[in-house]
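The primary structure of each chain is shown beneath.
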Amino acid sequence: MNREASTDYQAVNRVGRIVKTFSDIEIGRAWVRENSSFYGRLELLEVETVVTTRRVYRPRPKPVQSLAISRPVEPRLTA
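Along each chain, numbering runs from 1 in the same order as the chain's sequence is written. It should be noted that, the model being predicted, local features are given only for residues of pLDDT at least 70 and side-chain atom pairs only at 80 or more, the latter also being counted only at that level, while totals for whole chains, interfaces and linings use all residues. To get the side-chain values, take all heavy atoms of the structure and skip hydrogens and water.

Undergrad: Is there a simple way to think about the environment of Arg33 in this case?
TA: A helix here means a DSSP run of H or I that spans at least four residues, while a strand means a run of E at least two residues long, and both kinds are numbered starting from the N terminus. For Arg33, the location among the structural elements is in helix α1 (residues 25–39). Accessibility here uses a 1.4 Å probe with only protein chains present; expressed as a share of the type maximum, an area under 20% marks a residue as buried, one over 50% as exposed, and anything in between as partly exposed. Under the relative-accessibility criterion, Arg33 is labelled exposed at 62%.

Undergrad: Can you help me understand the packing of aromatic side chains in this one?
TA: The description of an aromatic ring pair uses the distance of the two centres, along with the angle that the planes make with each other. Aromatic rings from Phe, Tyr and Trp, with only the six-membered ring used for Trp, were paired whenever their centres fell within 6.5 Å, and each pair was classed as stacked if the ring planes differed by under 30 degrees, edge-to-face if by over 60, and tilted otherwise. With the rule as written, the count across this model stands at 3 aromatic pairs. With centroids separated by 5.6 Å and ring planes inclined at 40 degrees, the aromatic side chains of Trp31 and Tyr39 adopt a geometry described as tilted. Take Tyr39: its relative accessible area is 34%, and that puts it in the partly exposed class. Aromatic side chains Phe38 and Tyr39 sit 4.9 Å apart centroid to centroid with 90 degrees between the ring planes, which places their arrangement in the edge-to-face category. Using a relative accessible area of 66% as the deciding quantity, one classes Phe38 as exposed. An aromatic cluster of at least three residues, connected via ring pairs, comprises Phe22, Trp31, Phe38 and Tyr39.

Undergrad: Help me out: how do you make sense of α1 in this one?
TA: Each turn of an α-helix holds 3.6 residues, which means side chains three or four residues apart point in the same direction. The largest bend along α1 reaches roughly 40 degrees and is located at Arg33. Residues of α1 that are buried include every one of Gly28, Trp31, Val32 and Asn35, and no others. The contact criterion used throughout is that any non-hydrogen atoms of two residues lie within 4.5 Å. Buried residues along α1 sit against β1 (2–12), β2 (18–22) and β3 (43–53). The positive-phi residue at the C-terminal boundary of α1 is Gly40, with phi of around 90 degrees. Values of bend correspond, residue by residue, to the angle between axes fitted over the seven residues ending at that residue and the seven starting there.

Undergrad: I keep staring at the side chain of Gln10 and nothing clicks. Help me out?
TA: Within the secondary structure, Gln10 is located in strand β1. Contact partners of Gln10, with chain neighbours within four places excluded, come to Ile18, Lys20, Thr21, Glu43, Leu44, Leu45 and Val47.

Undergrad: Could you clarify how one ought to interpret the pattern of salt bridges in this entry?
TA: Oppositely charged side chains can form a pair if their charged atoms are brought close together. Should a side-chain nitrogen of Lys or Arg be within 4 Å of a carboxyl oxygen of Asp or Glu, the pair is scored as a salt bridge. Under the counting rule described, the total for this entry stands at 2 salt bridges. A salt bridge links Arg29 to Glu26, with the nearest nitrogen and oxygen atoms 3.1 Å apart. In this pair, Arg29 and Glu26 are both assigned in helix α1, 3 residues apart and thus about one turn of the helix distant. With a relative accessible area of 46%, Glu26 lands in the partly exposed category. Between Glu43 and Arg41 there is a salt bridge, with its nearest N and O atoms 4.0 Å apart.

Below, the structure written as structure tokens:
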């Protein structure tokens, strides 16, 4: 299993709604400073996301045989 962790920063308004997400804290702080008057009170939260992945192997499917009904071959008579 592979685990990958990433840290993001979310600008959240006073109701708790996410307004914008940033990957860099300095960019997030600058954006919150500039836009706090428009959105009201903004807060910058640090959120860590962990993604776990694993490979799942399945056997290859068997080849499909023809489902067409074959006609019996009649022997030919040659003179």
